[in-house]
Structures are given as structure tokens and as C-alpha cells.
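Spelled out, the chains give:
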There are 2 protein chains.
Amino acid sequence: MKKINFYSGPAILPEEVLQQAKEAITDFAGTGLSILEVSHRSKEFVKVMEDARAMVKEIMALKDDREVLFLQGGGSSQFYMVPMNLLNENETAEYFDTGQWAHGAMEEAKNFGYVHVACSSEKTKYDHIPTEYSVSDSSKYLHLTSNNTVFGTQFHWWPEVKCPTVVDMSSDVFSRQMDFNRFDLIYAGAQKNMGAAGTTVVVVNKNILGTVNRKIPKMLDYRAHIKGESMINTPSAFAVYVSYLTLQWVKKQGLQAIEERNVRKANKLYAAIDCSTLFKGTVAHADRSLMNVCFNIPSGNLPGQDGANINSTEEKFIAFAAKFGIVGIKGYRTVGGFRASIYNAMPESGVDVLIEAMKEFERTQA
Amino acid sequence: MKKINFYSGPAILPEEVLQQAKEAITDFAGTGLSILEVSHRSKEFVKVMEDARAMVKEIMALKDDREVLFLQGGGSSQFYMVPMNLLNENETAEYFDTGQWAHGAMEEAKNFGYVHVACSSEKTKYDHIPTEYSVSDSSKYLHLTSNNTVFGTQFHWWPEVKCPTVVDMSSDVFSRQMDFNRFDLIYAGAQKNMGAAGTTVVVVNKNILGTVNRKIPKMLDYRAHIKGESMINTPSAFAVYVSYLTLQWVKKQGLQAIEERNVRKANKLYAAIDCSTLFKGTVAHADRSLMNVCFNIPSGNLPGQDGANINSTEEKFIAFAAKFGIVGIKGYRTVGGFRASIYNAMPESGVDVLIEAMKEFERTQA
């Protein structure tokens, strides 16, 4: 049976990307060599890197002062690279504390300067994005996490602030249209909507760099990577290649069509959850993520059963869904419940199967 | 025609590794999913990471206090991670300045503490490994680069010192037998002898950690990675998988057999260079690398021709060799001449073809 992949990342990729990637393992760009064994200085790979950077610029319609880099270390490495490159010890950065990774990014920034928590939804287990926040005009930057992969919330509006805005888009980059130029630094680990694990895209406004007075190791200095055209050392070549293929796929469809499909998929799945008397969504409606749909089986929905049975009912649904080919819907390890990640590459038919499994389970098993 | 890949890195991989990697792009470990889209927390991928770490420990016959990590960022990221984790501002680290990357590592260390140049061959364009050196017993560590990829020299002996020794083995790891426990930290970018670009193996003696007083970002702290079993964030999963496959290949043959073949290959190629009246080796015989064989066409070997013609003769040989399927023998961009990288996966027959091309060129073209 064909598997339907709801993993939160590494996550589902378009079938044509997988086929092209597979082909390149033994013959890359007609070289007769594997993409894994070709020099990153070969003209064939240099073109991949150049085209990947150019496609990001084109798809995001970026202004000329924006530079695109493919770095290593995952989104988590940007948690410290951002303050290392932008924040002096006596300066303050603003953080929206809206989820696990937003919080992690904030903690790392404390090693480099002052951190001000502009707002936090930690007390309610990150079940919403606060609309009340305080950001000082004089702060060095504001950091946001556009989509909260763990809890399933997403920004559907943007704070109006005077300082530069930095956004971690790891789990929703290229999933919807927006004015990408309103942000001064965007970063995203590739392994959700733009490829395989092992590379992270960074889009940075050159004008915000060069204002910190600490010594920055060359490999951690955005300016060095810009000067070296994202190749100051051997890049994570295959991961960049998979992003290159995925970007071609994104470009071909356009962000408008991708967004429309993502909205249809999410609306359909949230509607099924809202109609259910068994399953329940876990976050504020206004902030529901189009990418990671989190839900559970609340104890009240199983009359007469206690918490222990809830857990076993949730386990039972995961096993039941597996019979439909569904994998990866177990909620994040610290959260529990279910999380269906429905990134760009998830077809509508995949969501339909999940909805069918939920209805069938509710009708026959619960 | 079958290509023979002499690239210095990313570099030739065993054919069976490529085939297994290719298969996993559409079906990884019987999951019915791609290795590119499977969660790094899935039991299948966790096993890959665990087995890869265990195989490094087994092949190197490491003591219990050694920990194995697969990190991102390439060998170049270890240039700063080593001093960040080991060297306080008031302490001194010793560096053998024996090549381009050794020098680069040294420069990065200066951001963190004092650096003492134990010896240097920079003045003679890194054509040898100095045997005279001065290392203080009280220094925090000594840093060596076991094989100099750019210039083609290699340590065939080890300095006897009292302080911990750190070795960059990026271009010769698993190419020969040695007592790996004599070193306290070993690192190696995977893309030469142990897989594809995108992951770097680090072997560290736990006992040397925890003595610096600076704040270290979590992602740059060896102790955090040890505690997180090399998965504190999403690893470069596919690159780790290719290393896992390559390690299986290495283990199956054993380091003794691999070393014997590498010695045969190198001896054969150096002998051909030494017998030639056209080509000439560029480094001290005692320090010749088993991995990167550097040679050129000195002006004296083309009587009556000037420097400009040397360059064109070298270009001519590269084009001539291409007719034999030979790729990647152009010397490093700042060095010129030729460099044939004959890593573990290069068969003896590949070296034979190169020797044949050299002889044929000398006989008919020069």
C-alpha cells in the first residue's frame, strides 16, 4: 500500500523531485558521475548553487539588497548565528515567545546581548499567537517564528515595528504568498517545504550586517558567506541539489496555486476535526497552522473513560490509521495527541484519506 | 566511457554505496518512504545514526571515553569549534602550520586564545612536514592536519607531546591503520574517504571537555551533542546515511587491506612520476601523501619552452587525459599543476589508467 507521509520533518517531497534526485545519484547533469562525488567547484555544481540562490530570489521577488545563502547546521544554528551577527552585548533584541523553537531561539540570543520578551503564550502551552506585544523602536531586531511546528500555530498577520524583523520560516517557507521584503532576515531549514535535511536557506538584507563588534568565526559570518557565494567551504551538496529541484517544482506552480491548495487542504481537515465529536483541535482558531494540524481526543469526548484510556484510544487511532497507509501523525514527544503535517508536497487526496480514517474510526472504534 | 574520478572532494565513492544510496531515495529500510522524507526520530533512522557511530568506534578500536558525533558544517566548522570548546582566552594552543587548511584552522583559533606556531613549512610552499618543532608541555592542545589535501603531504609519524592532540583527518580518515586513541579529538569532513558532503565526524575524548569558561551556543557545544546522541536537531540525514553505508564498506574490508591497497596505488603512481622525464612530484619524498598525489610539468623538463607554454602543456595533458575518462586532476586553484586524489574508493585499475595516460602523453605529445 502507498504510504501517506504526515511527518513533521524531514517530510514529504514531491514525487518528481525524488525521481530526479535518485537519477542524480548515479548520473548528475550528464557528467556520468554521481552528484555525491562531483567537486563542488565543477561547473555543473556551481550552476546548481547559482540557480538555487537565484530561484529563491525570484520566487520571493526579493529586492537587490537581499542575499540568499545555503548554509549548514539547520534552523537551530541560526538561533545563535542571528544574534552573533546582529546583536552587540549592550543591545536588546525582541522575541515573540510563541512556541518551542521560538523559545529556543530566544534562549540562545541571551548569550550575546539583552533579550526582551515582546509577548509569550507559554503559560497556555503555546495554544495561540498573542496579539498584544511590546516592541521598543530602538531594539536591534525582532525575532518571529512564522509557523510553530510543534503546537500548530501560525502567524496570519505581522507585527508592525520599526526595528528590523527576523523570521524563522523553517516550517512554512514557500507555502503561501507574502511580501518577503518586509523582513530583513529569513531563515528556514530545508527539510519541510524546500527539500531534504542538511541545508538551511538564509535570506538577508545586506544593510543590517556589519554593526557588531565581536570577532565572528569566518564560517559563522554572513558577510563571509555572501562574499564566498555560499561556497566558502564544501556545501552540503546533495541537500542543496534537492532544494534546487524542489525550488523548480515550487516555481513551476507558483506560490498562489500552492497557497490555494494549502488553504483547501487545511480547511478541509480542520472542518472534519470541528465536526467530530471525538477529535478536537488544540489551538486558537484564528492562529491555526496551514502546515501542522494539531488535534487530540479530549477525555470529555469519551464519556466514562479516564486519562489512561485516552492514551490507549489515541494509540489505537494511530494503529487504525496505519491501515490506511497513514504514517507520522503522532504528536510531538512532549505534547502528545496527533499532528498531521500537510506541507506543500502533500496532495489533497492524502488529506482526504486521513479524514476518511478519522470518520471511520469515530464510527466504528470509539 | 566510464569516468575515472580523481576529484579531491567531494570524491569517488564505492559503487555499491552509490547503488544502496540510490535505492534509499525511494525506499529506505523497507519503510516504503524515501530516506529524504523519513523523520530523523523514526526507529529506522535512529538505527542508522546509532550504527554509524558504533561502526566508527569499532573500526577505530576506540576506548570507552571516546564519543562519536556526526555534525554539520564541514571540517572548516571544526576550525572554530575546537578552540571554542577547548581553549580559554589566557591559554595557548599549538598549531603545526603545514598547509592551507592547517593554516586556516590556526587563524580561527586566534579568535579564542593564544596560538603558538609549533612549526611551519609555509616559506617553502608547504612542500614538506617539518620534523623540528617546539610544543610546550603546558599548552592546551596541539593541532595537526594529518593529510594536506591541497599540497599533497601527509604525516607518516606523530609528534610526541604531553598535551592533548587534535587532528583534522578530513582527507585521510580510514585510509590506514593507526592507534586512534593517541589523539584526543579527531575530526573529518565526510566527503573524501567516508561519504558525501554534508556531515563531519568528530571523535572526542570526553575527559578534555568542560574546561572553558565562555558561554558556548548549544549547537556548538560538543557536550550537548554527546548528551543528545548526535541528534539535538535534525541531522544531515542523507549524508549520515551515505557515511553509514561507506563505513559498512570500510568495515567489511578492514583498515589493513585498505591501507595495503592505498600504499600499492600511491607507490605505483609516484614511481611513474619519478621515472618520467616530463612530470615531477612537488613535495618531499618522505612526506608524500597516499591520498593526494601532486605533480606538475616543470619548465626545465620542456627544453626551449617558456612558462606560458608550460601552462598550455599542462592544459593539454588535462584534455589528453580526459580521453581516457580521467576527470578531476587539475591542481588546486592557488597551486596549479596536477593533483590526483586516490582515496579508498579509487581502484588500482583507475591509477593504472592515469599512469598509461601519462606515459602515452610523454611519448607522443610532449
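Residues numbered from 1 in each chain as written. Chains lettered and ligands numbered in written order. Predicted model: local features only at pLDDT ≥ 70, side-chain atom pairs only at ≥ 80, totals over all residues. Heavy atoms only, no water.

**Q** Can you help me understand the domain arrangement of chain A in this one?
**A** Residue and element names in this part refer to chain A. Splitting chain A by domain gives domain 1 (4-10 + 255-364) and domain 2 (15-253). On the side of domain 2, 30 residues touch domain 1, which itself brings 29 residues to the contact. Surface buried jointly by domain 1 and domain 2 totals about 2,400 Å² across both partners, of which 55% is contributed by carbon and sulfur atoms. Summed over the shared surface of domain 1 and domain 2, the number is zero salt bridges. The interface formed by domain 1 and domain 2 holds 16 residue pairs in polar contact (both at pLDDT 80 or more) in total. Every element with two or more residues in the side of domain 1 that touches domain 2 is listed here: helix H7 (255-275) and strand E12 (292-296). Here the side of domain 1 that touches domain 2 gets eight residues from one element, more than from any other, and that element is H7. Looking at the side of domain 1 that touches domain 2 residue by residue, the classes come out as 15 nonpolar, nine polar and five charged. (Domains from an automatic or database assignment. Contact = heavy atoms within 4.5 Å. Buried area = accessible area lost by both parts, 1.4 Å probe. Salt bridge = Lys/Arg side-chain N within 4 Å of Asp/Glu carboxyl O. Polar contact = N/O pair within 3.5 Å; in protein donor to acceptor, adjacent residues only side chain to side chain. Helix = DSSP H or I, 4+ residues; strand = E, 2+ residues; numbered from the N terminus. Nonpolar A, V, L, I, M, F, W, Y, C, P; charged D, E, K, R; others polar.)

**Q** Would you explain the pattern of salt bridges in this entry?
**A** All names here are of chain A. Taken as a whole and assessed by the stated rule, the structure comprises 40 salt bridges over all chains. Here Asp 137 and Lys 162 are joined by a salt bridge, their closest N and O atoms 3.7 Å apart. One end of the pair, Asp 137, is in the loop between strand E4 (114-120) and strand E5 (141-145); the other, Lys 162, is in the loop between strand E7 (153-154) and strand E8 (165-168), and 25 residues separate them in sequence. Residues joined by salt bridges that share partners form a network here, namely Arg 264, Lys 268, Glu 348 and Asp 352.

**Q** Help me understand the pairing of strand E12 (residues 292-296) of chain B in this model?
**A** When a strand is regular, its side chains alternate between the sheet's two faces. All names here are of chain B. Among the five residues of E12, four are classified as buried, and the element is accordingly described as predominantly covered. As judged from the two bridges shared by strand E11 (residues 280-281) and E12, these two strands associate in the antiparallel manner. Within the sheet, the bridge partner assigned to Gly 281 lies in E12 and is Phe 295. Pairing between E12 and strand E14 (residues 338-341): four bridges, direction antiparallel. Residue pairing across strands places Asn 292 opposite Ser 341, the latter belonging to E14. (Buried < 20%, exposed > 50% of the residue type's maximum accessible area, 1.4 Å probe, protein only. Pairing = 2+ DSSP bridges.)

**Q** Help me understand helix H6 (residues 237-253) of chain B in this model?
**A** In an α-helix there are 3.6 residues to a turn, and that puts residues three or four apart on one side. Residue and element names in this part refer to chain B. Helix length check: H6, at 17 residues, gives a terminal C-alpha distance of 25 Å against a target of 24 Å (1.5 Å per residue), a fit within 8%. Burial within H6 is extensive, with 13 of its 17 residues counted as buried. Positive phi appears at Gly 254, one or two residues downstream of H6, with a value of about 85 degrees. (Expected span 1.5 Å × (residues − 1).)

**Q** Looking at this structure, I do not really get the relation of the copies chain A and chain B. What am I missing?
**A** Two chain copies, one operation linking them: a rotation about an axis together with a shift along it. Mapping chain A onto chain B leaves a residual RMSD of 0.0 Å; the transformation is a rotation of 180 degrees accompanied by 0.0 Å of translation along its axis. Within this description, the copies of the chain are treated as partners about a two-fold rotation axis. Most of the interface of chain A is mirrored in chain B: 100% of its interface residues are interface residues there too. (Least-squares fit on C-alpha atoms with pLDDT ≥ 70 in both.)

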